[in-house]
Amino acid sequence: MTRYQHLANLLAERIEQGLYRSGERLPSVRTLSQEHGVSISTIQQAYQILENLQLITPQPRSGYFVSQRKAQPPVPAMTRPVQRPVDVTQWDEVMMLLDARADKEMISFGGGSPDLTQPSLKPLWREMSRIAQHNPCEMLSYDGLDGRLELREQIARLMLDGGSTVSAQEIVITNGCHGALSIALLSICKPGDIVAVESPSFHGTMQMLRGFNIKAIEIPTDPETGISIEALELALEQWPIKAVILVPNCNNPLGFIMPEARKRQVLALAQRHDIVIVEDDIYGELAADYPRPRTIHSFDIDGRVLLCSSFTKTVAPGLRVGWIVPGRYYDRVMHMKYAAGGFNVPATQMAVAAFVRDGHYHRHVRRMRQIYQQNMETYTCWVRQYFPCHICVTRPKGSFLLWVELPEEVDMVCVSKQLCELKIQAAAGSLFSASGKYRNCLRINVALPPNEKNREALKKMGEAIHIAMEE
């Protein structure tokens, strides 16, 4: 984090805590420069961030003043899903969300794509061009079933940041994280099995369960600390659960990072009941604070945690480069990979391996952490400004997904259909439930640049929600 961002966060905290009251004049640029021992330009950049977040207002010849602001909306409460195994629904709604990608005019708040416009991605495009020119035969040939060795070596190094010490030989390259999760489920489950999931949970994972004829049992989840260990234990005592799927770091869609003590608790619970943990760490690298949080896998000593991740959210979804660390299920995973999907594309693996090896990946991720954190603040301010009162909004610890809980009378499934006519896509909360709960919620992708076009689109979304409440 740069000095001006650190200073902006410090001043924002003081404003939130009431140390600088609404309408009060802030210290001058020169005063803060002397107080913190930084340049005047650093202070000006910090004030620019606060102005973009609508926390402060400049007045000519008078300085900066704390803006008149709405109160911070509360965080949603612990979810309360029905705790019994159910067949996953919502496929038609998910297809509508996916079909909207083909419409280039659509403003996609409902998708999960990262920002692909940043210049820090240019070294990757250059590397892909170089491979196409100088390695055409290699990029068009079959790859090894477990993926390129040079890529697996780089991933093993990256995993050290999350606390996991693995060799390249323990990693299997997959077709994105989606492919990793699919292979994991095929390796440990059969049709009719029961899998526990957080509630709400990523709709892609839900639809995998539906496709494999696996039942889901939704477990109450706290938007700040994660899955309820107590509710999961009760479910394990009542039902023959085969595995639990968790997104403990920068959760999708709630944004929490599970505290380390709770990660140890859920692993101990899995050991006692002899079940598998499928850990989805796709957003872990995008945690706002550094060093990044540890994975549950890093505490595993008996190979029961299957860690799945990819470069889809940190770099680009079109790369389709993911991986799985299967632990004790390595042989089964290799067999299922061969049976279900076979080999990976060599070209993108070669490009990503070079992108990581040459240091470009770390620079890019550092940049994106900062951008997404700023975007999150801006979009949260806009949600407060344009959405109805009495809403609850998550406070994500990283990544680029914001979860909003609206008043009970709002049906976001209906509102989403109306918004599509305005070329605005929203992801209704019901997509993230096996049984269609959370119809009064929505997930917002804040990776979209917070420009005037997207601000106006969010304003229209707020207007549609207001109308739905009145009706």
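Placed above this text is the structure.
Residues numbered from 1 in each chain as written. Predicted model: local features only at pLDDT ≥ 70, side-chain atom pairs only at ≥ 80, totals over all residues. Heavy atoms only, no water.

Some words on the side chain of Ser120
1) Next: The topology assignment puts Ser120 in the loop between strand 3 (107-108) and helix 5 (122-134).
2) Next: Here His364 takes part through its side chain, which lies 2.6 Å from a polar atom of the side chain of Ser120.
3) Next: With sequence-adjacent residues up to four places away left out, Ser120 is seen in contact with Phe355, His364 and Arg367. (Helix = DSSP H or I, 4+ residues; strand = E, 2+ residues; numbered from the N terminus. Polar contact = N/O pair within 3.5 Å; in protein donor to acceptor, adjacent residues only side chain to side chain. Contact = heavy atoms within 4.5 Å.)

Concerning the packing of helix 14 (residues 360-386) against helix 16 (residues 452-470)
1) Next: It is the contact of helix 14 with helix 16, at a shortest axis distance of 9 Å, that shows an interaxial angle of 35 degrees. Considering how the two elements wind past one another, helix 14 and helix 16 form a crossing that is right-handed. On helix 16, the residues touching Tyr379, Trp382, Val383 and Tyr386 of helix 14 are Asn454, Arg455, Leu458, Lys459, Gly462 and His466.
2) Next: Taken together, the residues of the contact of helix 14 with helix 16 break down into 5 nonpolar, 3 polar and 2 charged. (Axes fitted to C-alpha atoms, helices over the stretch in contact; angles between N-to-C directions. Left-handed = near helix turned anticlockwise from the far one by under 90°. Nonpolar A, V, L, I, M, F, W, Y, C, P; charged D, E, K, R; others polar.)

Comments concerning the pairing of strand 16 (residues 441-445)
Within a regular strand, side chains alternate between the sheet's two faces.
1) Next: Of all 5 residues making up strand 16, 5 are buried, and the element is well covered by its neighbours.
2) Next: Every second residue of strand 16 is oriented toward a common face, with Cys441, Arg443 and Asn445 on one face and Leu442 and Ile444 on the other, all of them buried.
3) Next: Sheet topology note: the strand 13 (residues 401-405)/strand 16 ladder contains 5 bridges and is antiparallel. By the bridge assignment for strand 16, Glu405 is matched with Cys441.
4) Next: Strand direction decides the pairing type here: strand 15 (residues 427-428) and strand 16, joined by 2 bridges, are antiparallel. Bridge assignment links Ala427 to a residue of strand 16, and that residue is Arg443. (Buried < 20%, exposed > 50% of the residue type's maximum accessible area, 1.4 Å probe, protein only. Pairing = 2+ DSSP bridges.)

Considering empty space enclosed by the protein
1) Next: Enumeration over the complete set of coordinates arrives at 1 cavity of 30 Å³ or more.
2) Next: In this structure, the largest cavity occupies an estimated 150 Å³ of space.
3) Next: Forming the boundary of the largest cavity are 16 residues, of which Met159, Asp281, Glu285, Arg292 and Trp323 lie nearest the centre.
4) Next: Contributions of two or more residues to the lining of the largest cavity are made by helix 7 (149-159) and strand 10 (305-310).
5) Next: Counted by class, the lining of the largest cavity contains 7 nonpolar, 6 polar and 3 charged residues. (1 Å grid on protein atoms, 1.4 Å probe; cavity = no way out; pocket = protein on both sides within 12 Å on 5 of 7 lines; lining within 4 Å. Points joined across faces, edges and corners; volume = space filled by probe spheres on them.)

Observations concerning the environment of Ala347
1) Next: Take Ala347: it is sitting in helix 13 (residues 346-357).
2) Next: The class of Ala347 is buried, set by a relative accessible area of 12%.
3) Next: Through-space distance from the C-alpha of Ala347 to that of Leu55 is 46 Å; in sequence the pair is 292 residues apart.
4) Next: Beyond its immediate sequence surroundings of up to four residues, Ala347 is in contact with Ile131 and Met139.

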